[in-house]
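# A structural walkthrough
Chain by chain, the residues run as shown.
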Amino acid sequence: MDKLKVLQKLASDEGSSSRIFKALADPPTTSLQRLKGLTTGGLPTFIDVGNSFGAPAIIEDNLIYQQLVQNGKRVLMMGDDTWVQLFPDQFEKSYPYPSFNVKDLHTVDDGCVHHLLPSLYEEDWDVLIAHFLGVDHAGHIFGVDSAPMIEKLEQYNDILEKVIDVLKNQSGPGGLHENTFFLVMGDHGQTLNGDHGGGTAEEVETSLFAMSLKNPPASIPSALDSSSCRLDSDGKKICFSTIQQLDFAVTVAALLGIPFPFGSIGRVNPELYSLSSGTWNPPGTSASNYKHWLDLEKWMRNYANVLCINSWQVKRYIDVYSASSVIGFPSEDLRHVADIYDEAQNNWSHRAKNLSLCGNEVPNESCDTSLTILQGKIDAFSSFLASVAELARSKWTEFDLTMMGLGLGVFLLSLFIHIVAIRRADKLCQISDPSIGDSGISLRFISTLFVVAIRACSFLSNSYILSEGKVANFLLGTTGVLSLRRSIMKKRMLIEAVAFLLLSAVLRFTTEIGLSKQEGVSVFMRMLGIDEGHPVWMFIPEIVPMLALILLSYLLLRSTADNYCWRVLKYFFITGTILSYMLIAVHWALESNMLALPLVLGSVERNYVPRMIYAIGFGQLSSLACAQFFKQETSNYTESVLIKTVAMLSAWSSTIIIILGRQGPLVALACIIGAWCVIRLGTLEEKAKDGTIGVFTTDPIPVTQWSLLAVCLFFYTGHWCAFDGLRYGAAFIGFDEFNLIRQAILLSIDTFGVSHILPILGLPFLVLFQYPYSQGTRGRGIFSVKLSQVIFPRFDCNELIKWVFLIHNNAGLWKS
């Protein structure tokens, strides 16, 4: 975003000992896996994602304890408290700050600033780690292209300027920072909406800035230089190279002169390593051709020695791993790697005998020969290390084929059960409505089967994780076209059919907005070319959710106005839910910078309001559960189920809406409109007047539409089926402190509220309006049968298999 000007300026200065790298991470790109990979030099594992909210200590060989601390280096840490979880009691000093409250952009950063600058004047550390979190949290909450993100980057630029000034001022001979090496890096990238965890280019690509306070390094051979150059915003040439984060641990270990972590499979990066070449340059300012050759030969010899040790360590690790692991590597791959290593070793021994140095002579052909020999050594060891890294990435991404085969079998069984159920329902519908035709296979059966089959096959697609929302919306629109056709044929409910298609189109548009975390009003105005800066448009995102809450309250009152069953409990739920809606409006007003309520109610603790809403919802659900033990028999069973369903939905709605944020009321309205259209269109099929024909079956198309609508609402709210699709900010609405159980519950409600909780609780509506007469024991039995037919497909095995394939696909994506 062109905000860290100080780093660009240093990297573009001629003769500078500074360089910018594009750092490539191995997925998964969650912070814990990245820190573990950076300190151990190994590839992260998918299973480690489960430890992201409760990091266990790293006991394997790593840079911090086994190498730095045990070799007498004093390590000072400040910032993200994940470091003290990974390396407990291993820092000389540490200043950790809580890292999981993504709404908090400043606590960790302010703590780092408070301790960082004073520590630069102290001599009680050898390695200093300052882990800032503001950019990470700003991305999660506001997205990349946001004002808080820009403010954070500008703050970092100011901090970096101050740090660099201190380092330069103390870098003279005998100075405190004469030998200091300065690194600024990101542990992972971010998607355009500010999340991370997957393996897209935006998530795995980040930056690394390195600066040596010594003399500019000698140039390295072009064969080892991967840099590319461009002009910066000021017209200066700036060059950057590429480095694998896998190589970070061994490179830093080589720079510090400590052993490599045992489990590292990276290669010492030549360009980053070359920045320290000024450390061993002989004194003097001569720039003669002789000195250039001498320095270059000396650096290449040193780098070749480092690569030799690096390769020996990696070969030893691979041998020990293969001998001790249950799976290990295939023998043919091990032989191939061993052959490459033996070839490199033989190359090293053979060429070392013939290596001639220039000594004090003027550079001649013997110098060219020595550089060629050294380059051959470097290439041989680099080839070995690249082969090992490629082998590890490929073999450690293998799946459990037995379990995948079992999952595929359950998947096909589920699909078969669906086909049988749809076919049975179709036959019974043909009995109740002979106009469908006598062919034995109706258009309804073919259409429903087609939609279910396409939905099932989409799970096997390589890219369905990112495209599932679009596929589900397309299928939803397809069923809407079928309903419109049926409405035209029946000459009934055309308004509902058209409204359902319009809703599908709106969901398609807003799904893209949800995935990009942009406000719909802003996007719409840009499409129409309307000025966004007008004060009126700035109030729209504040006012529209309030109006939607009012409309939801009206619909709740209207839907229960004529019902007298469970009167006391009914009014208890209505009053509690409307009170919750009012508290939601107050909470948003307190968080708004445009309304006056923050000034008027400045003394009110903002977290109290969400907690009151949670308490009201929990009280309503508890009351409904207790009422089941004291319920009275009613002559109208359908009316009783209707009241219970409305009560359950109203109790959940307030909690789900406040967790979803200002989009919550709009999502709830979309859910209500879609459900109303599906229910109305589901009553198009004529039933027998006596209720005895076709009453044991349910039309499969409305059930399919209901399920697809829930999937579309999931993606509309900004979620998708990956760890970077979690809205972490929702877990801290009403709370600032991190508690694993509490935050997990809130995050689950946010993730599954409109895709599972509300749609599943609302399923009885599909039966209530299609079969409203259920008095007596027989009527209740028929109602229960129809309700089970509706609910069972919603809990189908395909949903389970979808998440199984999601885990396997993400595992492959992250490990590759």
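Residues numbered from 1 in each chain as written. Predicted model: local features only at pLDDT ≥ 70, side-chain atom pairs only at ≥ 80, totals over all residues. Heavy atoms only, no water.

Another point: the sheet that holds strand β8 (residues 237-244). Strand order across the open sheet formed by 5 strands is β5-β6-β1-β8-β7, with mixed pairing between neighbours. The sheet is open, and its two edges are formed by β5 (181-185) and β7 (228-231), each paired on a single side. Direction aside, neighbouring strands of the sheet carry axes that sit 30° apart on average. The pairing of β5 with strand β6 (residues 205-212) spans 5 bridges and is antiparallel. Each bridged residue has a counterpart across the sheet, and for Met185 the counterpart in β6 is Leu208. Of the strands in this sheet, β1 (18-24), β5, β6 and β8 touch helix α1 (residues 5-12), which is tilted by about 115° from β1. In this fold helix α9 (residues 248-256) packs onto β5, β6 and β8, with an angle of close to 165° to the strand it touches most, β5. (Pairing = 2+ DSSP bridges. Helix = DSSP H or I, 4+ residues; strand = E, 2+ residues; numbered from the N terminus. Axes fitted to C-alpha atoms, helices over the stretch in contact; angles between N-to-C directions. Contact = heavy atoms within 4.5 Å.)

Moving on, we get to the nonpolar core. Grouped together as the largest cluster of nonpolar side chains are 69 residues, with contacts concentrated most on Leu507, Ile584, Ile657, Trp706, Leu713 and Phe765. For Ile657, the residues in contact, after removing those within four places along its chain, are Leu549, Leu552, Tyr581, Ile584, Trp588, Gly664, Pro665 and Ala668. Counting residues in hydrophobic clusters, the runner-up holds 64 residues, among them Leu38, Ile129, Leu296 and Ala344. (Core = buried A, V, L, I, M, F, W, Y, C linked by side-chain atoms within 4.5 Å. Buried < 20%, exposed > 50% of the residue type's maximum accessible area, 1.4 Å probe, protein only.)

What follows is about the side chain of Arg727. Residue position: Arg727 is located in the loop between α25 (700-716) and α26 (740-761). Residue classification places Arg727 among the buried residues on the basis of a relative accessible area of 18%. A polar atom in the side chain of Arg727 sits 3.3 Å from the backbone oxygen of Leu660. Once residues lying within four places of it in the same chain are set aside, the contact partners of Arg727 are Ile659, Leu660, Gln663, Thr717, His719, Leu747 and Asp750. (Polar contact = N/O pair within 3.5 Å; in protein donor to acceptor, adjacent residues only side chain to side chain.)

This paragraph deals with the UniProt feature "transmembrane region" (unreviewed entry) in the protein chain. Under the UniProt annotation, "transmembrane region" (unreviewed entry) lies at residues 401-421, 493-516, 536-557, 569-590, 642-660, 666-683, 703-723 and 743-769. For residues 642-660, the helix share is 100%, the strand share is 0%, and the end-to-end C-alpha distance is 26 Å. Helix makes up 89% of residues 743-769 and strand 0%, and the two end C-alpha atoms of the span are 38 Å apart. (UniProt positions renumbered as here; feature names shortened; annotations may be inferred.)

The next thing to look at is a nonpolar patch on the surface. The grouping of Leu413, Phe416, Ile417 and Val420 at the surface amounts to a nonpolar patch, some 370 Å² of accessible area in total. Examined against the element boundaries, Val420 turns out to sit in helix α14 (residues 401-432). The class of Val420 is partly exposed, set by a relative accessible area of 43%. (Patch = residues over 30% accessible without salt bridge, like charges linked within 9 Å, V, L, I, M, F, W, Y side chains within 5 Å. Areas by Shrake-Rupley, 256 points an atom, 1.4 Å probe, with all protein chains shown as cover. Salt bridge = Lys/Arg side-chain N within 4 Å of Asp/Glu carboxyl O.)

Averaged over all residues, the pLDDT of the protein chain is 77; the fraction at 70 or higher stands at 73%. The secondary structure element of the protein chain with the lowest average pLDDT is helix α29 (residues 797-815), at 44, and the one with the highest is strand β4 (residues 127-131), at 95. Predicted confidence is poor over residues 432-440, with pLDDT under 50, and the contacts of this stretch with residues over four places away or in other chains come to 15 contacts. Contacts for the low-pLDDT stretch residues 686-697, under 50 throughout, to residues beyond four places or in other chains number 21 contacts. (pLDDT = per-residue confidence, 0-100.)

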